[in-house]
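Here are the chains, one letter per residue:
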Amino acid sequence: MGDGRVPVTVIGLGMMGRALARAFLAGEHPTTVWNRTAGRAEELVAAGAAGADSVAAAVSASPLVVVCVRDYQAAYEILGPVSDALAGRLLVNLTSGTSAQARAMAGWAAERGAGYLDGAIMMTPPGIGTAEAVILYGGPSETFAAHRPALTALGGGTIHLGADVGLASVYDVALLGIMWSTFNGFMHAAALVGSENVPATTFLPLARQWLTGVASFLTPYAEQIDTGDYTASDATLETHLSPVEHLIEESRARGIDATAAEYTKRLVEEAVANGHALDSYARIVEHFTPALRA
Ligand SMILES: NC(=O)c1ccc[n+]([C@@H]2O[C@H](COP(=O)([O-])OP(=O)(O)OC[C@H]3O[C@@H](n4cnc5c(N)ncnc54)[C@H](OP(=O)(O)O)[C@@H]3O)[C@@H](O)[C@H]2O)c1
C-alpha cells in the first residue's frame, strides 16, 4: 500500500464501471470485479482483473470497494445481503443520486463499520483515467487523504469537496444543470442560424468562442452573488430586456420554440419590477433563492 497500489474492488460493470476498473488496472492496482450479469467481466479479466464469483468474495478481496451501478436501490440490493463484509473497509459510491441518498448511505455504511466516500463523476467513460477526468468526492478528509492515491487513478481532476458526503451530489446536479442549459442554448441557436441555411458546423467556432467569453462574465457575477452587491459592471438588466425580446421575435418568426427565451424575459422583468432595473444579471440569483425571493 506504501506505493499507492491498494487492492480495489469494482462492483457494477456497466459502461462506467468497466471504465473505472480499466483505469485501476492501468494504475497497476490489484483489481477485483463483480457484476450482476455475468460476462461483462470477461474483457477486464483478460486485462488482468480478478473476477469474483460472488459479491461477498468481491467485497472481501479489497480494503477499497467502489460501487457504480444504475442507482442507489441497485447498490443496496447488491451490498445489503453481504453488508457485514464491509466492516473495516472503505465503500466509495460513484453511483449517481441525491444528497439525501448519499447521506443515508453514509449512515448505513457507518452502522456496518465501513468508511464511506460519495463521488460524482463529471466525465463520460472514455475519459476515465485521463488528466481531464473530474471526479468530485464528499466525506471525511482523513479518509479521502488516505485513499487519494488510488482514487487519482480514475482521473487527474480528483477533488475533495469537504466532509459532507452530500456535497458531491449537489455539485453534480448543479454542474449538469449548467450543461443542459448550454446544450439547449446551442440547439436553439443552431436552429436559428440553420433557418438561414448556416450549418451548425459553420456556426460552431463562433459559438465556442462566445462560450469562453460568457464563462468570463461569471467571475464578477459570482462575486456579486457572494457580496449581495449587484452593481452592474457590464450591462444592466434593463439592457438585457430588448435583446431577449429580439430572440423571442426571431424564433417565433421561424416557428422555433421560444419558451426558454420567454422564461429569460420573465426572470428579467420580475427583477426589473422589483426595482432592480439598473443591477447586473447576477440579481437573477434571487429568483432561485427561496429566502431572497420577493
Ligand atoms: N455513463 C456515463 O457517462 C456516466 C457519467 C457519470 C455518471 N454515471 C453514473 O454511473 C452509474 C452507472 O452508469 P453506467 O453508464 O455504467 O450505466 P449502465 O451501463 O447502464 O450500467 C448499469 C450498471 O448497473 C447495474 N445494475 C442496474 N440495476 C441493477 C440491479 N437492480 N442490481 C444489480 N445491478 C444493477 C448493471 O448490471 P447489469 O449489467 O447486470 O445490468 C450495470 O452494471 C450511474 O449512476 C450513472 O448515472 C455515468
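Because the structure is predicted, anything quoted here is derived from the model rather than measured.

Engineer: An account of the pairing of strand β1 (residues 8-11) is needed here, citing residue identities and associated values.
Structural biologist: For a regular strand, the rule is simple: side chains alternate between the two faces of the sheet. Of the two faces of β1, the one holding V8 and V10 and the one holding T9 and I11 are both buried throughout. On the question of chirality, the crossover connecting β1 to the parallel strand β2 (residues 31-34) by way of helix α1 (residues 15-26) is right-handed. The pairing of β1 with strand β4 (residues 64-67) spans 4 bridges and is classified as parallel. Across the sheet, T9 pairs through a bridge with V65, a residue of β4.

Engineer: So what about helix α4 (residues 72-79)? Which residues, and what values?
Structural biologist: The set of residues buried in α4 consists of Y72, A74, A75, I78 and L79. The buried side chains of α4 occupy one side of the element, clustering within an arc of 155° when seen end-on. Seen from the buried face of α4, the exposed residues on the opposite side, beyond 90 degrees, are Q73 and E77.

Engineer: Lay out the sheet that holds strand β5 (residues 90-93) with the relevant residues and their values.
Structural biologist: Sheet architecture is open: 8 strands sit in the order β3-β2-β1-β4-β5-β6-β7-β8, paired in mixed fashion. Of all strands in the sheet, those bounded by a partner on one side alone are β3 (50-51) and β8 (157-162). When β1 meets β2, the two strands line up parallel, connected through 4 bridges. Note on β2: the bridge partner recorded for V8 is T31. Helix α6 (residues 141-151) rests against β4, β5, β6 (115-122), β7 (134-138) and β8 of the sheet, and its axis sits at about 175° to β8.

Engineer: Mind laying out the packing of helix α7 (residues 167-194) against helix α8 (residues 200-227), listing which residues take part and the relevant values?
Structural biologist: Running from N to C, α7 and α8 cross one another at 135°; their axes reach a closest spacing of 10 Å. Relative to α8, the element α7 is oriented oblique. Crossing angle aside, the handedness with which α7 passes α8 is right-handed. The residues of α8 that touch α7, namely those facing T182, F186, A189, A190 and V193, are A200, F203, L204, A207 and L211. Residues belonging to the contact of α7 with α8 are distributed by class as follows: 9 nonpolar, 1 polar and no charged.

Engineer: How would you explain unusual backbone geometry if you had to name every residue and give the values?
Structural biologist: Look at E28: it is not a glycine, yet its phi comes out positive at around 65°. Positive phi, close to 65°, is recorded for N197, a residue that is not glycine. Within the secondary structure layout, N197 lies in the loop between α7 and α8.

Engineer: Could you give an account of the domain arrangement of the chain, naming the residues involved and the relevant values?
Structural biologist: Split by domain assignment, the chain resolves into domain 1 (8-162) and domain 2 (195-288). Look at where the C-alpha atoms of domain 1 and domain 2 centre, and you get two points 40 Å apart.

Engineer: Outline the site of the ligand, supporting the account with residue identities and numerical values.
Structural biologist: The local shell around the ligand holds 22 residues, among which M16, N35, T37, R40 and S96 are the closest. Separating an oxygen atom of the ligand from a backbone N or O atom of L13 is a distance of 3.3 Å. One nitrogen or oxygen atom from the side chain of R40 is found 2.7 Å from an oxygen atom belonging to the ligand. Relative to its unbound accessible area of 900 Å², the ligand is 78% covered by the protein chains. Among the elements of the structure, α1 and α4 are those that each provide at least two residues to the shell around the ligand. When its residues are assigned to classes, the shell around the ligand shows 10 nonpolar, 8 polar and 4 charged.

About the criteria used
- Residues numbered from 1 in each chain as written.
- Predicted model: local features only at pLDDT ≥ 70, side-chain atom pairs only at ≥ 80, totals over all residues.
- Heavy atoms only, no water.
- Buried < 20%, exposed > 50% of the residue type's maximum accessible area, 1.4 Å probe, protein only.
- Helix = DSSP H or I, 4+ residues; strand = E, 2+ residues; numbered from the N terminus.
- Right-handed = clockwise from strand over helix to strand, strands pointing away.
- Pairing = 2+ DSSP bridges.
- Arc of directions from axis to C-beta.
- Contact = heavy atoms within 4.5 Å.
- Axes fitted to C-alpha atoms, helices over the stretch in contact; angles between N-to-C directions.
- Parallel < 35°, antiparallel > 145°, perpendicular 65-115°, else oblique.
- Left-handed = near helix turned anticlockwise from the far one by under 90°.
- Nonpolar A, V, L, I, M, F, W, Y, C, P; charged D, E, K, R; others polar.
- Domains from an automatic or database assignment.
- Near = heavy atom within 4 Å.
- Polar contact = N/O pair within 3.5 Å; in protein donor to acceptor, adjacent residues only side chain to side chain.
- Areas by Shrake-Rupley, 256 points an atom, 1.4 Å probe, with all protein chains shown as cover.

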